[in-house]
Amino acid sequence: MRHTRPENALPFMKMHGAGNDFVIIDSRGRQAVTTPMLAAALGDRHRGVGFDQLAEIRDGEDADFALDFWNSDGSRAGACGNASRCVADHVMTGLGRDSVTFTTERGRLAALRRPDGLVSVNMGAPILDWRAVPLSQEVDLLHLPIVGDPAAVGMGNPHCVFFVPDAEAVDLPNDGAAMEHHPLFPKATNVEFASLTGPDRLRMRVWERGAGITLACGSGACATAVAANLRGLTGRQVTLDLDGGTLEIDWRDDGVWMTGPTAHVFDGWLTPAFIAAQG
Ligand SMILES: N[C@@H](CCC[C@H](N)C(=O)O)C(=O)O
């Protein structure tokens, strides 16, 4: 086994938030390195490292840092709530602070560490305009013309939320994959299946665009809580039980806050040969 880091190796971190797992590359102070090919190669759980999303940290302008996200198939994602919480945890630890600001494709966001150690991120206001989700035609976002009566909510990325009697009973590999590329979603969509399990409590399972089944999805939890509230199923503070853990959502006037656990799994490096092989 090789224990010495080769010259020009690229360091990365593996973290997860409620089982949603990430490779994080910290490119502050240097040129960003991620390309779609590198992301797809690294995202391969057999030939690469494996992840649901890759997050690359860059120097921020008017914020502590900037963030870019890639799915494991190499596609870009406009938002990733759980990776945002993991990166915020890493940066807050490095800076010795309990709050940070950062920018994504959505604009300027904020995160903080709560006294109980959980990390919260403000994901911004939900997007409830069909053009911005985006959808391919004007429809009622709360009742899409699709079998199963789902709702559409944007959180910087598109979500299609189905409320079902029993989320456990959903055939996620089939139903999730079938919805991801529905023509109503011109940029494809993340797909959530949720059922009410108690007052302001939902069980949610997710099929992510560009990644397939994941153990959790932060932006998906936000979108589901917003849709549940707008349909009169819950209040604005909702607890969601996902396959990999529990997330708390609080839809406030300043945005949708999402809170949950983060974990640092290991530090590693990519060999120059692996990077070169991706062109
Ligand atoms: N896991 C994420 C969402 C990742 C992005 C998504 N697959 C997309 O393509 O929009 C989260 O925690 O929000």
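Scoring rules and cut-offs
- Residues numbered from 1 in each chain as written.
- Predicted model: local features only at pLDDT ≥ 70, side-chain atom pairs only at ≥ 80, totals over all residues.
- Near = placed C-beta within 6 Å.
- Helix = DSSP H or I, 4+ residues; strand = E, 2+ residues; numbered from the N terminus.
- Nonpolar A, V, L, I, M, F, W, Y, C, P; charged D, E, K, R; others polar.
- Domains from an automatic or database assignment.
- Pairing = 2+ DSSP bridges.
- UniProt positions renumbered as here; feature names shortened; annotations may be inferred.
- Buried ≥ 20, exposed ≤ 12 C-beta atoms within 10 Å, placed from the backbone.
- Contact = placed C-beta atoms within 7 Å.

**Topic: the site of the ligand**
Around the ligand, the surrounding shell holds 18 residues, and the nearest of these are A77, N82, N157, G218 and S219. At the level of secondary structure, the elements contributing two or more residues to the shell around the ligand comprise α2 (81-95) and α4 (218-230). Here the residues of the shell around the ligand are counted per class, giving 5 nonpolar, 10 polar and 3 charged. Here the shell around the ligand spans two domains, since at least three of its residues come from each of domain 1 (10-117 + 262-277) and domain 2 (151-260).

**Focus: the pairing of strand β1 (residues 10-17)**
For a regular strand, the rule is simple: side chains alternate between the two faces of the sheet. In the sheet, β1 pairs with strand β17 (residues 263-270) via 7 bridges, with the strands oriented antiparallel. Of the residues in β17, the one forming a bridge with M13 is D267. Alignment of β1 against strand β2 (residues 20-26), held across 5 bridges, turns out to be antiparallel. Residue pairing across strands places G17 opposite N20, the latter belonging to β2. The turn joining β1 and β2, which pair antiparallel and follow one another in sequence, is formed by 2 residues; a positive phi near 55° is taken by A18.

**A closer look at the UniProt feature "active site" (unreviewed entry) in the chain**
Taken from the UniProt record, the annotation "active site" (unreviewed entry) applies to C80 and C217. Look at the named residues: they lie 138 residues apart in sequence, but the longest C-alpha span between them is just 7.7 Å, so in the fold they bunch up. Residue placement: C80 occurs in the loop between β5 (76-77) and α2. Residue C80 is classed as buried on the basis of its C-beta count, with 33 C-beta atoms lying within 10 Å. Beyond its immediate sequence surroundings of up to four residues, C80 is in contact with Q53, A55, F69, G218 and S219. Residue classification places C217 among the buried positions, given that 35 C-beta atoms sit within 10 Å. The contacts of C217, once residues within four sequence positions are left out, are N20, N190, V206 and E208.

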